[in-house]
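Listed below, chain by chain, are the residues.
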Amino acid sequence: QVLFVESGGGLVQPGGSLRLSCVASIDISRIYVMGWYRQAAGKQRELVARVTSNGGTAYLDSVKGRFAISRSSARRTVYLQMNNLKPNDTAIYYCNGVGEEQRTSWGQGTQVTVSS
């Protein structure tokens, strides 16, 4: 069973930045596509950004130009750099594989709150 441990969230003012990290219990080079997801209160979990093992990336339209996802197989870690944060970015953020590579177990996530 793969375990994901997310960290780096917090309270930030609109326009601020945060860098999230997700450490996996396995070598993530075994997972071709890794993603960051978020779930806001009362809403379904959504995929925010994804990155392939060769560096290809894709983003939710609402975060394009503000978020950047990256991965380090050596560190078994996936990162999400979030800039120019907006109140609508408030959510719990999780990482996991994407599509058929998504694992059934999810980490506890990291809370991101954007508020003045």
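See the structure shown above.
Here goes a summary of the coordinates provided. (Residues numbered from 1 in each chain as written. Predicted model: local features only at pLDDT ≥ 70, side-chain atom pairs only at ≥ 80, totals over all residues. Heavy atoms only, no water.)

### Considering the packing of aromatic side chains
Turning to step 1, where the next piece is worked out: Counted by the stated rule, this structure contains two aromatic pairs.
Turning to step 2, where the next piece is worked out: Their ring planes at 85 degrees and their centres at 5.9 Å tell us that Tyr94 and Trp106 sit as a pair that is edge-to-face. One end of the pair, Tyr94, is in strand S9 (residues 91-97); the other, Trp106, is in the loop between S9 and strand S10 (110-114), and 12 residues separate them in sequence.
Turning to step 3, where the next piece is worked out: Residue Tyr94 is classed as buried on the basis of its relative accessible area of 9%.
Turning to step 4, where the next piece is worked out: Judged by relative accessible area, Trp106 falls into the partly exposed class, the value being 26%. (Phe/Tyr/Trp six-rings, centres within 6.5 Å; stacked < 30°, edge-to-face > 60°. Helix = DSSP H or I, 4+ residues; strand = E, 2+ residues; numbered from the N terminus. Buried < 20%, exposed > 50% of the residue type's maximum accessible area, 1.4 Å probe, protein only.)

### Quick look at unusual backbone geometry
Turning to step 1, where the next piece is worked out: Positive phi is not limited to glycine here, since Arg76 has a value of about 55 degrees.
Turning to step 2, where the next piece is worked out: Inspection of the secondary structure puts Arg76 in the loop between strand S7 (67-72) and strand S8 (77-82).
Turning to step 3, where the next piece is worked out: Here the phi dihedral of Asn84 falls at roughly 50 degrees; this positive angle occurs in a residue that is not glycine.
Turning to step 4, where the next piece is worked out: Note that Asn84 resides in the loop between S8 and S9.

### Structural notes on the pairing of strand S3 (residues 18-24)
Turning to step 1, where the next piece is worked out: Judged by how many residues are buried, S3 sits mostly within the fold: five of seven residues are covered.
Turning to step 2, where the next piece is worked out: Sheet topology note: the strand S1 (residues 4-7)/S3 ladder contains four bridges and is antiparallel. Bridged to Val5 within S3 is Val23.
Turning to step 3, where the next piece is worked out: With six bridges joining them, S3 and S8 adopt antiparallel strand pairing. Within the sheet, the bridge partner assigned to Leu18 lies in S8 and is Met82. (Pairing = 2+ DSSP bridges.)

### Some points on the pattern of salt bridges
Turning to step 1, where the next piece is worked out: One pass over the full model with this rule turns up four salt bridges.
Turning to step 2, where the next piece is worked out: Put simply, Lys64 and Asp61 hold a salt bridge, and the shortest N to O gap is 3.0 Å.
Turning to step 3, where the next piece is worked out: Residue classification places Lys64 among the partly exposed residues on the basis of a relative accessible area of 49%.
Turning to step 4, where the next piece is worked out: Residue classification places Asp61 among the exposed positions, given a relative accessible area of 60%.
Turning to step 5, where the next piece is worked out: Among the charged side chains, a network of salt bridges with common partners joins Arg38, Glu46, Arg66 and Asp89. (Salt bridge = Lys/Arg side-chain N within 4 Å of Asp/Glu carboxyl O.)

### Some details on the sheet that holds S10
Turning to step 1, where the next piece is worked out: On the basis of which strands lie adjacent, the open sheet formed by six strands has the order S2-S10-S9-S4-S5-S6 and mixed pairing. Pairing within the sheet leaves two strands with one partner each, and these edge strands are strand S2 (10-12) and strand S6 (57-59). Looking at each pair of strands side by side, their axes are set apart by 20 degrees on average, direction ignored.
Turning to step 2, where the next piece is worked out: The pairing of strand S5 (residues 46-52) with S6 spans three bridges and is antiparallel. Among the inter-strand pairings, Ala49 is bridged to a residue of S6, identified as Tyr59. (Axes fitted to C-alpha atoms, helices over the stretch in contact; angles between N-to-C directions.)

By themselves, these observations are geometric and do not establish any function.
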